[in-house]
Every structure is written in structure tokens, then in C-alpha cells.
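Coordinate inspection notes
Here is how the chains run, residue by residue.
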Amino acid sequence: MTPPATRAPMAGESPRPLLAVRGVSKHFAVGGGIWGRAGSVVRALDDVSFEVPHGITVGLVGESGCGKTTMGHTIMGGLSADGGEIVFDDPELGPVDIAHADSKLRRHVRLNMQMVFQDPNSSLNPRMALVDLVAEPLVINRLLPRAAIRPRVAELLEQVGLSPRYMDRYPHALSGGQRQRVVMARALAMNPKLVVADEPISALDVSIQAQTLNLMKDLQAEHRLTYLFIAHDLSVVNYFADETVVMYLGRVVETGPTRPMFKAPLHPYTAALLNSVPQLGRGKRVGKRAPEGEVPSAANPPSGCHFHPRCPYAQPICTTDVPALRTIAPGRQARCHFAGDLPLAASAPTPTQEAKSP
Amino acid sequence: MQQAQSSPLIAVDDLVVEFHTEGGVVRAVNGVSFAIPRGGTLALIGESGCGKSVTSLALLNLVRPPGRITGGTITYTDAEGRALQTTDWKPNSERMRKFRGADVAMIFQEPMTSFDPLFTVGEQIVETLHAHLPHIGRGKARDIAIEMLRKVRLPNPETLVDRYPHQLSGGMRQRVMIAMALCCGPRLLIADEPTTALDVTTESQILDLLRQLQGEMEMAVLFITHDLAVASEIANEIAVMYLGYVVESGATDDVLGNPSHPYTRALLASIPKLDDEPGGRLNAVRGMVPTPDEMPSGCPFHTRCDAFMPGLCDRRMPRLYPCGDGHQARCFLVDPELERLRP
């Protein structure tokens, strides 16, 4: 894979992004009651914008409650956006705003998008054999004649590294890593362009995580897949994602190519996240390393910049004015009044004592 | 007192825990030995099913039927310097109950399942206190509870003490659980994946807190985790487990900086690191952990090992060979007389 910084559009690749999310918001009403009393509103997504170029992996990171899963569901159509555009570059129709398209068009476009979830156990019906599980999207969309289904499932299982002999087994006979492979096979059944993977490896053991990530990389190369990779583990995102979108309390706080961002973050929250990640070879913890405070409630977020109560660089303006997502460097944006002017630490481990990395 | 300084706080020697199931006897813990010095931190590392949690439950004699401790000893040195064999005590005995909570406390991965949702945080801490100090008055117990909440750096402990668990965030609940575990002043804290369910900034805060409290209370910690990076930041010593065996142990810097067992090496190579250059493939460990009923013969790791020597590793079980000061690995490659062993 070419490094994202030097990535040029390949021959035949359209310069348009595969997916463009523009100013999307999603509000949930909480509280209130049957008498129509005004409850509070949770802005799960607040003016979210980012792009997913063709054929690469974009990581969507943040802590629980930041809206990353809501974003994934909104793209997939499980939730409808309250505002903004979600433009998908359909191979036949060109760019289509799926947030405002009619249901027939939306259905057509969505055949090119698939989702993979965190827990393979809860996404596989225990009473269906693998062949039925993997073939289900083909059957529902009436894409293949009955006779062609078993050969196609065998092919899909082989692509994800499972023996077609397993076809008539049930999910309980498989390990967690194998189940996640079945989920991948099912996602591939429709030949999607975009795969939205929501924490696909979080529920797996350490040694199986690496196998699954390698598989996803191989499949990406073979099928020219584009991934939107929703994750909380920044080490995995660093390895896997070419570009990264960082969210905090429903807002995008920073976007850009992963490696430059992790080396020199522009937003204090990105820096705080990177600093919190436990790392090998950094030596033992001394003193305090974690940022102050907790993620505030999304129902009652702080005024101005959401991060200001925890930000070591907060100024009076941060408590009153919401910063805009500004372009700070080519391809890099940050939602901070002082982005580019702050002495934010790089993620590289500071060598303490002797070098300890294996 | 002289003796007390030299002997470890808790010493596990050749511990065996077996589960008698319909499919036969499964040895979840197989001859595990380690010692934790006063105030020290040992991390038990391994993937699911390696026996790390069962080992920690065995320390408290909490292994439930069909599981049973069938071999080995656990020796605890109490504050007066007496060496006590906790494995001699019956799981339900008064002595064992006193030992749990007062001498050794435990915190778990998911704080929500460890609380009773019907009682306030304060009532639950008071209940723990009363179990070990029955003569303490209610007012005094409440004061201690508030003091403990302050100690784990929770804001406004006077109001928090009357909150219910569901009113707290995940990080706050984990702090309350730590407060509850520490309220009787244990000398060993067993922390079973205490940060796995938490967000990364919260995880970092809890790790900071544990280190600070450990220093303040002169408490030893047995830290159980699957995360090598977390272990590297918190532990003095590490024991890596695989299928019920300790495969490598030693000082953290030695084990992670100079891994001698192929499993430790494979684990270290398979995790993505924050300072990795992106691209390329991860060096995944081949295959998967065998299920306990299909335990491999010989070395338990030979089915996935890159250095597998046919005729040796699948026939004979390697012992723990020393490979440095206090550093040992269960692998024939470390045996200085390897050439004579080769078939």
C-alpha cells in the first residue's frame, strides 16, 4: 500500500470521494413525556463532515458516546439524518445523496454498502447454517438462481480463509475469529464498494485480532474495497487506517492522514487520546498521564468548544464560541480556535531508561 | 519481622486447578508458580482460556464446582510475619471469609455487574465494612465510605455516597469499586481486567489511580490482563500464561524487551503499535488457541509455534529454563543442552 501522504489517484479512479458526509446532524429527544413536555435533546451528530476516498481505509475514532456508531448507522440507513447530506458515489448512477433520495433509489445505492459489527455472536443467527447465513443477502435481493448459491458461498468462504466444508455447520461450532470471517464473507456476498466496520476486532483475542486485520487488508486489495473503520483502539487505527476522523461528543474535531496526525496532532483532544494509549516500551507510569475529567453527558454538553473543560490550553473564547472545522494544513482539518499554534506532544514514545521495544 | 521482610507476600507453588466436566477432566491451571513481594505488581498475561482468571480466583479459594484446586500450595505471609497456607482452609470457612476482603481484595472488569442496583454506593461500601468490622457504628462507617470515595479522587464524595450505581459513569463506577475493595485496607489487590471495558482516557485515569493508591497504601497488586501494553506500564513482573501453563516469567523489562518464549514473541509481534509505520502486514500468530479438551501433547504451544521441532516439542513437555536473572521460559530453545535433546 502506498502511504496516504503520497497517494495519487490511480488510473480510472474518480477524483470524487466514494462517500462524502456533509454537515450531517442527528438529534435524539430524551426525557419529555406523553404530555409533550419539552425534554432535552441529545445532539448525537452535530454538523459532521468528512470524506471517504475510493479504495482506502478511513478510521472513525473517539470514546463511547462520541457518535461514531451513530454515524455508521446513519450512513447505512438504520437511522435517518436530521440534516446534511450523505453523498455516495454509485458506480452506475454517480453521486447520490442517500439522505434525501427516495426509498427505491436508496435501496439500489445501499446494495453497494455493507456493515460488519463488533460481536460476531450476535450478528449470526445460531439456527442458520453457514451456507444460509452467507447466502442470505443474495437470496433476499434475488441476485442468484438457487443452483448457483452453494458454489458462490463456497467461493466466498474460501476468500475469507474458511474451508467450504464448513458450509453446513452452525455458528456455535466455530471460534470467535472464524465467526468474524463468516460475517466478512456475508458482507462480501453483495460485492460492496464500501464496508462500514464497527469495532470489528474488539471482541476478539489478541492473536486473532491480527489475523482478522490481515484478512481485511487482503480482501481490500483483492476487491478494491473501501473501509470506514470505526474503532476506539488508536494503535489498530494507526496500523489500519490511511486517514482518520476523530470525534468528540458528536462533533468531528480533527481529520487528516493518519500518520501525520498521530505524529503531530492539531487538536488537544487528539493529543490527549494519543497520550492515554498504553504503549509498549514507554516504561512504567510515573505521575499522572491521563487528561482531567470525564467525557461530559451528550445531553448537556459544555458550551463553546465541547472539549474546553478538559483542555489544558482553554482560553475564554473556547467557552463561548464553537470553533469551526478549519483546514490547517493540506488535507488536515481541526476544530480548534488555536489549531496549529499549540505545542502538542507527538505520539512517539519518549525513550525512558534503556530502549525496551523488542 | 526480619523474616517477614524476606518472604514474599503471597507465594503460589505448583498450583493445579481441575474442572471435572462430562467430557473429562480439564486442567485449567497446570503447575503454576509465582510470588508477589510486598508492594510489588505482577501482571498475569494471556488470551481467553489461558487460566489467568481461574488462577486469581484460586488465590481467594473461589473456584466453583465442578472446578477444584487439586494440587499445590498458596502461602500468604500476614502482617505479623506468619506464613499461612490458605489452601488448607475450606472455601466456606470463617478463616477464608476473613481473608477475603480484609487481606486480599478483588476488582473486576465490568463494575456494573459487581454492584447491587438497589442500594446506594455508600450502603454497599458500608456493607463491606460491616462484614469485616461488625462493631463499627453506622455513622462512622459512612464517614469511612466518604473518605474512601475521596481517596479514589471522586468529586463531591459527600453527595456521591448517596447515589445509585446507574447514576454514575463507567469510570466513576470503577473508582467506586476500587474504593469498596480498598476500604478494609487489603495488602493484595487482585485486579481482573479492570480497564478493559473502559474508554482509553478513562483507562489511563484508572491506571494512574491504581499506581498512586498502591504507593499510598503499600499494597501489592496482581494485575490480570490480555493487554501487553497495559502490563508494561503497570507491572514490575510479568507471567505469560498459555493453556494453563506459565510459559514465561520475569521482570517486565526482561520479558517484554527480551522475550524468550516463541509465544511471547509472537504476541508482541502481532499487536499493532502506535509508533509503527503504517502499511505491511501484522505477524499474526498462526491458528487459534486449542480448546482445553484437545490439549496438545508435549509443549502446549507447539501447534502454533514457528520454531516447532518435530519429535521433540510434540513429545516432551519443556520445563521452565532460566534465561536471565529471575527470567525463565518454558521452551527447549532456551535449554543450554538443546543439541543433545534434538531427535
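Residues numbered from 1 in each chain as written. Chains lettered and ligands numbered in written order. Predicted model: local features only at pLDDT ≥ 70, side-chain atom pairs only at ≥ 80, totals over all residues.

**A few points about the overall build of chain B**
A count of helical and extended segments in chain B gives 13 helices and twelve strands. By the compact-globule yardstick of 20 Å for 343 residues, chain B fits well, its C-alpha radius of gyration being 21 Å. Looking at chain B residue by residue over its 343 residues, the buried ones come to 46%. Partitioning the contacts of chain B with sequence separation of at least 6, the portion at a separation of at least 24 is 62%. (Helix = DSSP H or I, 4+ residues; strand = E, 2+ residues; numbered from the N terminus. Rg over C-alpha atoms; globule rule 2.2 N^0.38 Å. Buried ≥ 20, exposed ≤ 12 C-beta atoms within 10 Å, placed from the backbone. Contact = placed C-beta atoms within 7 Å.)

**Let's talk about the sheet that holds strand 1 (residues 10-21) of chain B**
Residue and element names in this part refer to chain B. The strand order across the open sheet formed by four strands is 2-1-4-5, and the pairing between neighbours is antiparallel. Two strands in the sheet have a free side with no partner beyond their single neighbour: strand 2 (24-36) and strand 5 (83-85). Sheet twist, expressed as the mean angle between neighbouring strand axes with direction ignored, is 10 degrees. Alignment of strand 4 (residues 67-77) against strand 5, held across three bridges, turns out to be antiparallel. When the bridges of strand 5 are listed, Thr77 appears paired with Ala83. (Pairing = 2+ DSSP bridges. Axes fitted to C-alpha atoms, helices over the stretch in contact; angles between N-to-C directions.)

**Observations regarding the interface of chain B and chain A**
Accessible area lost upon the coming together of the parts is a frequently used measure of interface size. Contacts between the two partners involve 42 residues from chain B, matched on the other side by 45 residues from chain A. Elements that contribute at least two residues to the side of chain B that touches chain A include exactly helix 9 (200-217), helix 10 (228-234), helix 11 (252-257) and helix 12 (262-270) of chain B. Here the side of chain B that touches chain A gets nine residues from one element, more than from any other, and that element is helix 9 of chain B. Partitioning the side of chain B that touches chain A into residue classes produces 18 nonpolar, twelve polar and twelve charged. (Nonpolar A, V, L, I, M, F, W, Y, C, P; charged D, E, K, R; others polar.)

**Some points on the confidence of the model for chain B**
Any region with low pLDDT has predicted coordinates that should not be read closely. Summary statistics for chain B give a mean pLDDT of 89 and a share of 98% for residues scoring 70 or more. As a predicted assembly, this complex carries a pTM of 0.85 together with an ipTM value of 0.80. (pLDDT = per-residue confidence, 0-100.)

**Brief notes about the nonpolar core**
Counting 199 residues, the largest nonpolar core has A:Val134, A:Phe229, B:Leu149, B:Ala179, B:Leu188 and B:Met241 as its most contacted members. Take this core: its biggest share by element is eight residues, from helix 8 (residues 170-182) of chain B. In this structure B:Leu149 touches B:Leu154, B:Pro157, B:Leu160, B:Val161, B:Val176 and B:Ala179, once residues within four positions along its chain are discounted. (Core = buried A, V, L, I, M, F, W, Y, C linked by C-beta atoms within 7 Å.)

**Things to note about the sheet that holds strand 4 (residues 83-90) of chain A**
Residues and elements named next belong to chain A. Taken in spatial order, the four strands of this open sheet run 2-1-4-5, and their pairing is antiparallel. In this open sheet, the two edge strands, each paired with only one partner strand, are strand 2 (40-52) and strand 5 (94-97). For this sheet, the mean inter-axis angle between neighbouring strands, taken without regard to orientation, is 25 degrees. Relative to strand 4, strand 1 (residues 19-30) runs antiparallel, the two sharing five bridges. Each bridged residue has a counterpart across the sheet, and for Ala20 the counterpart in strand 4 is Val87. Of the strands in this sheet, strand 1, strand 2 and strand 4 are in contact with helix 1 (residues 68-76), which crosses strand 2 at around 70 degrees.

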